[in-house]
There are 2 protein chains.
Amino acid sequence: MTGTASRPTLEAVAERAGVSRATVSRVVNGGDGVREPLAERVRRAVEELGYVPNQAARSLVTRRHDAVAVVIAEPETRVFADPFFALQLRGISKELTAHDSQLVLLLTEGRDDHARVGRYLAGGHVDGALVFSLHLDDPLPGLIHGAGVPTVFGGRPGWGDGPPDAVPAVYVDCDNRGGAREAVRHLVGLGRTRIAHITGALDQTSAVDRLDGFRDVMADAGPELVVEGDFTPAGGERAMRELLERRPDVDAVFAANDLTAAGALRVLREHGRRVPEDVAVIGFDDMLAVAEQTDPPLTTVRQDIEGMGRLMARLLLRRIDGGVAEPGPEDSSGGVVLPTALVRRASA
Amino acid sequence: MTGTASRPTLEAVAERAGVSRATVSRVVNGGDGVREPLAERVRRAVEELGYVPNQAARSLVTRRHDAVAVVIAEPETRVFADPFFALQLRGISKELTAHDSQLVLLLTEGRDDHARVGRYLAGGHVDGALVFSLHLDDPLPGLIHGAGVPTVFGGRPGWGDGPPDAVPAVYVDCDNRGGAREAVRHLVGLGRTRIAHITGALDQTSAVDRLDGFRDVMADAGPELVVEGDFTPAGGERAMRELLERRPDVDAVFAANDLTAAGALRVLREHGRRVPEDVAVIGFDDMLAVAEQTDPPLTTVRQDIEGMGRLMARLLLRRIDGGVAEPGPEDSSGGVVLPTALVRRASA
DNA sequence: CTGAAAGCGCTAACAA
DNA sequence: TTGTTAGCGCTTTCAG
């Protein structure tokens, strides 16, 4: 079977099986009301001809696509240094596969791409969208809403607690604030008193929430103990350097994620500070590829990233299957927040 | 514009502009033979109605999908610990976007998934496929070939130098063997004499080629200097431990990739060996997130991963546009092999 | 240069 | 239970 030879159609199968197209269609789609001997004949014809339904024709009439868009709106190169997205993707992929749905990946690299994504979503190519890594000023939510496509967000969207109008946004997030609190409390329990925080990119809610968690516990921490980072190792290095300058007596650092912590660790070593003896360090994410590889291995806040991906996909599929109007039991509240857990290793 | 309200059709636009559907179609698709005043009227109608063509209907008649499948066949969790795929994906995404093509991601986790992928590809959902990380015993090439879809492979496929029959497979790879040679020669130039190699997963051609490169230079190396790894940090650790046991006098290690090298580095430190004084270490890939973060930073062989992704996409699009039968200038040879470059950091 | 009309392959009423 | 018959929205000859 070489080349571009046109695939067999329903019609061909029907002819071969000696039945009508409708009957073949029924068998192909679950074969409910077809008597066994006939159904069997159809199945054999399908087999012999190597028939595969033409999705375009099917979509045209059903208005279903069995495809979901995954939009990753990360203008920085961060997406690709950070295993975070890969893990979510895996969770999503598993869930979609189980549901016979395809994953259309939309990577955006900047402003211009947003329009393209909006157009794609509006074009009715997919049944729904999973959207990640929104930034506060992102025009995407508006575009998506305008496209009228069922959507689930990864991470709490940044427009306060609801989208522009009354429809509650569905999202999945981890308990950033609670996790941060637990991390900082652990540091306090270690007897540390000059605890600093290197934030993530503050145009993302996850970074803001983690900072809030830090402040919940360290309400009286001086402003010089909070340095802005950007979720990258380089940002972590920069911030750590500044921190050591501002407060040479710092004895603990809570970093907004593991990558940031890894950068901080390097600067601390460079400055001859021992970890955890002189400075205790805690990260966030429990990205194994990072947290287990640092020296010393990183104490960090674990979140179930792959699980979040799965859950997002599940919520979306439920919305799609049930129709946009009917929220399921899990998403009635708008957002689902998953718990975190402190993982102790050597760094704190 | 809320809800699932049905999108405007060509017909609606035609009516609004006071022309026929055919004319609207012409304008929407480049507007070749339409006189300006009319074309303008159509464009305005499109704008006002927010018309977006229905891809399913279009595909049904054109048999084009403007979509490409990216198949990543990595049963292990490796895909997700390794930024490698993310980088390729970015390159691919950029190129496809520029060509107005969509990226459908097919992740496979095992045998069962292969059938699903084969079915999908055969189903005529996409115009072509980009396939990665094939293993030697992989049934995928056969399925893909049977599906009759234009395909470009990432990495030299493992079936010798050609696919089952005469059609030469198109692939993009880096010069694994040459890069390995350069790395090992560098070690030799450093005066090292007991140079070991930790291989990658030997069911992949990249690992085999790198091993061959090692042997090209170290033809007389004892078999105990070659230990099998699997491209993961854990594999690197295991291999390094075994190596130290077999040959405590080892003074250099060429690891099959950066992740492996990172694992080896950790074991060396654990054993009190100084790098590079006691043991020089070189990796492969120049994955910045890894190579720059190790202690000491890793000397490694760079390959332009994102560039490979772009090139793969470009070759595929050319095949699609030109028809399967007409190989372009770049792919006439079957495979394209990109050069590598040694990047010196502190570890060797 | 523009319009009319014929499908692309499939599903879903509706009849039989 | 099975077959007949309309389209889904679009492109593309073919006339005009």
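For every chain, the first residue of the written sequence is number 1, and numbering continues from 1 onward in sequence order. Here the convention is simple: chains get letters from A, ligands get numbers from 1, in the order in which they are written. With the structure being a predicted model, the display of local features is reserved for residues of pLDDT at least 70 and the display and counting of side-chain atom pairs for 80 or more, all residues being used for whole-chain, interface and lining totals. In computing side-chain values, all of the structure's heavy atoms are included and hydrogens and water are not.

So, the sheet that holds strand S10 (residues 299-302) of chain B
Across a sheet, paired strands are connected by hydrogen bonds in the backbone, their directions being either parallel or antiparallel. All names here are of chain B. Note the threshold: Only strands that DSSP links by at least two bridges are regarded as paired with each other. Under the scheme used here, helices are H or I runs from DSSP no shorter than 4 residues and strands are E runs no shorter than 2 residues, and both carry numbers assigned from the N terminus.
One open sheet holds the 6 strands; their spatial order is S7-S6-S8-S9-S10-S12, and the pairing between them is mixed. At either end of the open sheet lies a strand with only one pairing partner, and these are strand S7 (226-227) and strand S12 (341-343). In terms of strand pairing, strand S8 (residues 252-255) meets strand S9 (residues 280-285) through 3 bridges, oriented parallel. For valine 253, the partnering residue across the bridge sits in S9 and is valine 281.

Digging into the protein's contact with DNA strand C
Going by this rule: Throughout, near means a residue has at least one heavy atom within 4 Å of the molecule or strand. We call two N or O atoms a polar contact when they sit within 3.5 Å, provided that within protein one can donate a hydrogen and the other can accept it, with sequence-adjacent residues counted only if both atoms are side-chain atoms. Put simply, Ala, Val, Leu, Ile, Met, Phe, Trp, Tyr, Cys and Pro go in the nonpolar bin, Asp, Glu, Lys and Arg in the charged bin, and everything else, Gly too, in the polar bin.
Residues in contact with DNA strand C amount to 28 residues; listed here are only the nearest, Leu10, Arg21 and Tyr51 of chain A together with Arg26 and Arg63 of chain B. For DNA strand C, the backbone makes up 64% of the atoms found within 4 Å of the protein, where backbone means sugar plus phosphate. At 3.3 Å, a backbone N or O of asparagine 54 of chain A approaches a phosphate oxygen of DNA strand C. Looking at the surface near DNA strand C, the elements that each hand over two or more residues are helix H2 (21-28) and helix H4 (55-62) of chain A together with helix H2 (21-28) and helix H4 (55-62) of chain B. Tallying contributions element by element places H4 of chain A first for the surface near DNA strand C, with 5 residues. Grouping the amino acids of the surface near DNA strand C by side-chain chemistry returns 13 nonpolar, 8 polar and 7 charged.

So, the sheet that holds strand S12 (residues 341-343) of chain A
Residues and elements named next belong to chain A. Our working definition: Throughout, a residue-residue contact means that at least one pair of heavy atoms, one from each residue, lies within 4.5 Å. Geometry is summarised by axes, namely lines fitted to C-alpha atoms with helices restricted to the contacting stretch, and by angles between N-to-C directions that run from 0 to 180 degrees.
Across the sheet, 6 strands lie side by side as S7-S6-S8-S9-S10-S12; this open sheet has mixed pairing. Unpaired on one side and paired on the other, strand S7 (226-227) and S12 mark the two borders of the sheet. Sheet topology note: the strand S9 (residues 280-285)/strand S10 (residues 299-302) ladder contains 4 bridges and is parallel. Among the inter-strand pairings, aspartate 285 is bridged to a residue of S10, identified as arginine 302. Sheet strands in contact with helix H12 (residues 258-270) are strand S6 (195-198), strand S8 (252-255), S9 and S10, and its direction is about 155° off that of S9.

Notes on the UniProt feature "domain: HTH cro/C1-type" (unreviewed entry) in chain A
Note the cut-off: UniProt positions are given in the numbering used here, feature names are shortened, and annotations may be inferred rather than shown by experiment.
The residues that UniProt annotates with the feature "domain: HTH cro/C1-type" (unreviewed entry) are residues 9-30 of chain A. With 73% helix and 0% strand, the stretch residues 9-30 of chain A has end C-alpha atoms that lie 18 Å from each other.

Here we look at the interface of chain A and chain B
Condition: In this description, buried area is defined as the sum, over both parts, of the accessible area (probe of 1.4 Å) that is lost when the two are combined. Any carboxyl oxygen of Asp or Glu that lies within 4 Å of a side-chain nitrogen of Lys or Arg is treated as forming a salt bridge with it.
At the interface, 48 residues of chain A touch 48 residues of chain B. Summed over both partners, the interface of chain A with chain B comes to about 4100 Å²; 56% of that surface belongs to carbon and sulfur atoms. Between chain A and chain B we count 2 salt bridges in total. Between arginine 269 of chain A and aspartate 295 of chain B there is a salt bridge whose closest N-O contact spans 3.4 Å. Scanning the region where chain A abuts chain B turns up 8 residue pairs in polar contact (both at pLDDT 80 or more).

Section: the protein's contact with DNA strand D
Residues in close proximity to DNA strand D total 28 residues, the closest being Arg35 and Arg63 of chain A together with Leu10, Arg21 and Tyr51 of chain B. The share of sugar and phosphate among atoms of DNA strand D within 4 Å of the protein is 62%. Between DNA strand D and the protein, one listed contact pairs a phosphate oxygen with a side-chain N or O atom of serine 25 of chain B at 2.8 Å. Here a base nitrogen of DNA strand D and a backbone polar atom of alanine 57 of chain B are 3.3 Å apart. Considering every element that reaches the surface near DNA strand D, the biggest residue donor is H4 of chain B, with 5 residues. Classifying every residue of the surface near DNA strand D gives 13 nonpolar, 8 polar and 7 charged.

Brief notes about the UniProt feature "domain: HTH lacI-type" (unreviewed entry) in chain A
UniProt's entry tags residues 8-62 of chain A with the feature "domain: HTH lacI-type" (unreviewed entry), counted in the numbering of this structure. Across residues 8-62 of chain A, the secondary structure splits into 69% helix and 0% strand, with the terminal C-alpha atoms separated by 21 Å.

Notes on the packing of helix H7 (residues 111-122) of chain A against helix H8 (residues 140-147) of chain A
All names here are of chain A. Keep this limit in mind: Angles below 35 degrees are treated as roughly parallel, those above 145 as roughly antiparallel, those between 65 and 115 as roughly perpendicular, and all remaining angles as oblique. Should the near helix be turned anticlockwise from the far one by less than a right angle, the crossing is termed left-handed; should it be turned clockwise, right-handed.
Running from amino to carboxyl end, H7 crosses H8 at an angle of 20°, the nearest separation of the two axes being 8 Å. Looking at the two axes, H7 sits roughly parallel to H8. You can see that H7 and H8 cross each other, and the crossing is right-handed. Residues His114, Ala115, Val117, Gly118, Leu121 and Ala122 of H7 touch H8, and the partners they reach there are Leu140, Leu143, Ile144 and Ala147. Looking at the contact of H7 with H8, its residues break down into 8 nonpolar, 2 polar and no charged.

Here we look at the pairing of strand S4 (residues 151-154) of chain B
Residue and element names in this part refer to chain B. Under the convention used in this document: With a 1.4 Å probe rolled over the protein chains alone, any residue whose accessible area is under 20% of its type maximum counts as buried; one over 50% counts as exposed, and the rest are partly exposed. Crossovers are marked right-handed if the path from the first strand over the helix to the second runs clockwise, as seen with the strands pointing away from the viewer.
Side chains Thr151 and Phe153 of S4 all project onto a buried face; the interleaved residues Val152 and Gly154 project onto the opposite face, where all are buried too. Taken together, the 4 bridges between strand S3 (residues 128-132) and S4 define a ladder with parallel strand orientation. Along S4, the bridge assignment pairs valine 131 with phenylalanine 153. Read as a crossover between parallel neighbours, the route from S3 over helix H8 (residues 140-147) to S4 is right-handed. Two strands pair when backbone bridges link them, and S4 and strand S5 (residues 171-174) are joined in this way by 2 bridges, in the parallel orientation. Each residue of the ladder has a partner; that of glycine 154, found in S5, is valine 172.

Regarding the nonpolar core
Here is a general trend for soluble globular proteins: nonpolar side chains tend to be buried in one another's company. For clarity, the cut-off: The set of buried Ala, Val, Leu, Ile, Met, Phe, Trp, Tyr and Cys residues whose side-chain atoms join them within 4.5 Å is what this entry labels a nonpolar core.
Counting residues in hydrophobic clusters, the biggest one holds 98 residues, and the most contacted among them are Leu105 and Leu130 of chain A together with Leu105 and Leu130 of chain B. Look past the residues within four positions of leucine 130 of chain B in its chain and what remains in contact with it is Val68, Ala69, Val70, Val71, Ile92, Val152, Met312, Ala313 and Leu316 of chain B. With 44 residues, the next largest nonpolar core counts Tyr120 of chain A together with Val104, Val117 and Ile144 of chain B among its residues.

Quick notes on the environment of arginine 247 of chain A
Residues and elements named next belong to chain A. Tracing the backbone through its elements, the reader meets arginine 247 in the loop between helix H11 (233-246) and S8. Remark: the alpha-carbon pair of arginine 247 and aspartate 173, spanning 74 residues in sequence, is separated by 33 Å. In this view, arginine 247 contacts Arg194, Glu224 and Leu225; residues no more than four positions away in its chain are not counted. Here glutamate 224 takes part through its side chain, which lies 2.5 Å from a polar atom of the side chain of arginine 247.

Structural notes on the relation of the copies chain A and chain B
The criterion, for reference: Overlaid copies result from least-squares superposition on C-alpha atoms, with residues included only where pLDDT is at least 70 in both.
By a simple turn and slide, chain A fits onto chain B: the slide is 0.0 Å along the axis, the RMSD is 0.2 Å, and the turn is 180°. Look at the turn and shift together and you get a two-fold axis relating the two. An overlap of 100% is found between the interface residues of chain A and their copies at the interface of chain B, pointing to a shared contact surface.

Here's the deal with the environment of glutamate 242 of chain A
Among the structural elements, glutamate 242 of chain A can be located in helix H11. Separated by 14 residues in sequence, glutamate 242 of chain A and glutamate 228 of chain A place their C-alpha atoms 9.9 Å apart.

What about the packing of aromatic side chains?
Condition: Think of it this way: a Phe, Tyr or Trp ring, Trp meaning its six-membered ring, pairs with another when their centres are within 6.5 Å, and the plane angle makes it stacked under 30 degrees, edge-to-face over 60, tilted otherwise. In our convention, an over-ring charge means Lys NZ or Arg CZ found within 6 Å of a ring centre and within 35 degrees of that ring's normal.
All chains considered together, the criterion is met by 5 aromatic pairs over all chains. Summarising the aromatic geometry, the rings of phenylalanine 254 of chain A and phenylalanine 284 of chain A are spaced 6.4 Å apart at their centres and angled 50° between planes, so their arrangement reads as tilted. Placement of the pair is phenylalanine 254 of chain A in strand S8 and phenylalanine 284 of chain A in strand S9, with a sequence separation of 30 residues. The same class applies to phenylalanine 254 of chain A and to phenylalanine 284 of chain A, which are both buried. The rings of Phe84, Phe85 and Phe132 of chain A are connected pair by pair, giving a single aromatic cluster. Cation over ring: arginine 210 of chain B sits above phenylalanine 284 of chain B, and NZ or CZ is 3.8 Å from the ring centre.

Points about the pattern of salt bridges
All names here are of chain A. In the structure shown here, the tally under the stated rule is 58 salt bridges over all chains. Of the charged contacts in the structure, one is a salt bridge between glutamate 237 and arginine 266, with a shortest N-O distance of 2.2 Å. A residue pair is termed long-range when its members are at least 10 positions apart, and glutamate 237 in helix H11 and arginine 266 in helix H12 qualify at 29 residues. Per residue, the accessibility class of glutamate 237 equals that of arginine 266, and both read buried.

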